Amino acid sequence: MPALRPDLPHLEPHVARLVQFYEQLGPADLMRLHTLYADDAWFKDPFNEVTGVDAIRAIFTHMFDALEQPRFAVRQVVGGGADCALTWRFHFGLRGRTMHIDGASVLHFDATGRVDRHRDYWDAAEELYAKLPVLGVLMRALQRRLATPPTRSSA
C-alpha cells in the first residue's frame, strides 16, 4: 500500500486507512472491503440503503460499471475514535461529460476499527439532477419557481 498523504499522519490508523482506501479506490480494491467494513455494516446514501459488505461492494461495483473514471478526493476529516465525518468531492464522467459531487460521510467504527455504520449526505437535486441536460432544465425552472424572492432593505 502506498504511503499516506502528508496531511494524514495525525489521524488515527483506522481513519487514515479508510481515507487512503477511498482516495485510491479502483475496481480491484473492492475485494479488500471486508478489511475496512464490518461484516454486518450498514450503508446509506441518497439512492441505497443496504446491510453487509457484499451489498456495499455491489454498490461500488455498479459505480465502476456505470461511471467513467470515478474517484474520491477527501477534503476534510472531523473527529476520530469511534466517530468521524469526512467531506469529499466525487469526480466522475458520464457520457463523456466530467462532473463532480460534493458530499460528506458520517462514519462509526466498531471496536476492531472497521466501519459498522456509513451514511453519505449529498444533495442529489443540486449535485446531480440539475447537471443533467433535460432534467437539469426542469430542475432549474422548479428551483427558480420555489425560491424565496429577495427582500428589500428599508434604508
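The residue numbers shown here count from 1 along each chain, following its written sequence. It should be noted that, the model being predicted, local features are given only for residues of pLDDT at least 70 and side-chain atom pairs only at 80 or more, the latter also being counted only at that level, while totals for whole chains, interfaces and linings use all residues. Note that water and hydrogens are dropped before the side-chain values are worked out from all heavy atoms of the structure.

**Q** Talk me through the pattern of salt bridges; I want residue IDs and the actual numbers.
**A** We count a salt bridge whenever a side-chain nitrogen from Lys or Arg sits within 4 Å of a carboxyl oxygen from Asp or Glu. Summed over the entire model, instances satisfying the criterion amount to 6 salt bridges. Measuring nitrogen to oxygen at the nearest pair gives 2.8 Å for the salt bridge that ties Arg57 to Asp54. Of the two residues, Arg57 and Asp54 both sit in helix 3 (residues 53–66), 3 residues apart, roughly one turn of that helix. The classification of residues rests on relative accessible area computed with a 1.4 Å probe and restricted to protein chains. Under 20% of the type maximum is buried, over 50% is exposed, and intermediate values are partly exposed. Asp54 sits in the exposed class, given a relative accessible area of 60%. One network of salt bridges, with partners in common, ties together Arg75, Arg89 and Asp102. Numbering of helices and strands starts at the N terminus; helices are DSSP runs of H or I of at least 4 residues and strands are runs of E of at least 2.

**Q** How would you explain the layout of surface pockets if you had to name every residue and give the values?
**A** Where empty space is left can be seen by rolling a probe of water-molecule size over the atoms. Of the voids in this model, the largest pocket is the one considered here, and its volume is about 550 Å³. Lining the largest pocket are 23 residues, and of these Asp45, Met63, Leu67, Phe90 and Trp122 sit closest to its centre. Where the lining of the largest pocket is concerned, the elements lending two or more residues are helix 3, strand 3 (68–80), strand 4 (83–94), strand 5 (97–109) and strand 6 (115–121). Here the element with the most residues in the lining of the largest pocket is helix 3; it accounts for 5 residues. Using a grid of 1 Å spacing that covers the protein atoms alone, one calls a set of points a cavity when a 1.4 Å probe fits there but cannot get out, and a pocket when the set is open and has protein on both sides within 12 Å along at least five of seven lines; lining residues are those with an atom within 4 Å of a point. Grid points are joined across faces, edges and corners, and a volume is the space filled by probe spheres set on the points.

**Q** Give a detailed account of the packing of aromatic side chains, specifying residues and quantitative values.
**A** Each Phe, Tyr or Trp ring, with Trp reduced to its six-membered ring, pairs with another whose centre is within 6.5 Å; inter-plane angles below 30 degrees give stacked pairs, above 60 give edge-to-face pairs, and intermediate values give tilted ones. A full pass over the atoms with the stated rule returns 8 aromatic pairs. Taken together, a centroid distance of 5.8 Å and an interplanar angle of 55 degrees make the contact between Tyr22 and Phe60 tilted. Residue Tyr22 is found in helix 1 (residues 13–23), and its partner Phe60 is found in helix 3; the two are separated by 38 residues along the sequence. Like Tyr22, the residue Phe60 is buried in the burial classification. Between Phe90 and Phe92, the aromatic rings sit 5.1 Å apart at their centres with planes inclined by 25 degrees, giving stacked as the arrangement. Taken together, Phe21, Tyr22, Phe43, Phe60, Phe72, Trp88, Phe90 and Phe92 form an aromatic cluster joined through their ring pairs.

**Q** Give a description of the environment of Cys84 that names residues and reports values.
**A** Residue placement: Cys84 occurs in strand 4. A relative accessible area of 5% means that Cys84 is categorised as buried.

**Q** How would you summarise the nonpolar core if you had to cite specific residues and measurements?
**A** Only buried residues count toward a nonpolar core. Its members are Ala, Val, Leu, Ile, Met, Phe, Trp, Tyr and Cys residues joined through side-chain atoms within 4.5 Å. With 37 residues, the main nonpolar core has Leu25, Tyr37 and Phe60 as its most contacted residues. Mapped onto this core, the elements with two or more residues apiece are helix 1, helix 2 (33–36), strand 1 (37–44), helix 3, strand 3, strand 4 and strand 5.

**Q** Describe the side chain of Asp120, listing the residues and the values that go with them.
**A** Structurally, Asp120 is set in strand 6. Only four residue types enter the charge count, namely Lys and Arg as positive and Asp and Glu as negative; His and the chain termini do not. Arg119 provides the closest opposite charge to the buried, unpaired Asp120, separated from it by 8.0 Å. We call two residues in contact when some of their heavy atoms are within 4.5 Å. Filtering out sequence-adjacent residues up to four positions away, Asp120 remains in contact with Phe43, Lys44, Asp45, Pro46, Trp88, Ala104 and Ser105.

Such coordinate-based values are descriptive only and should not be taken to indicate function.
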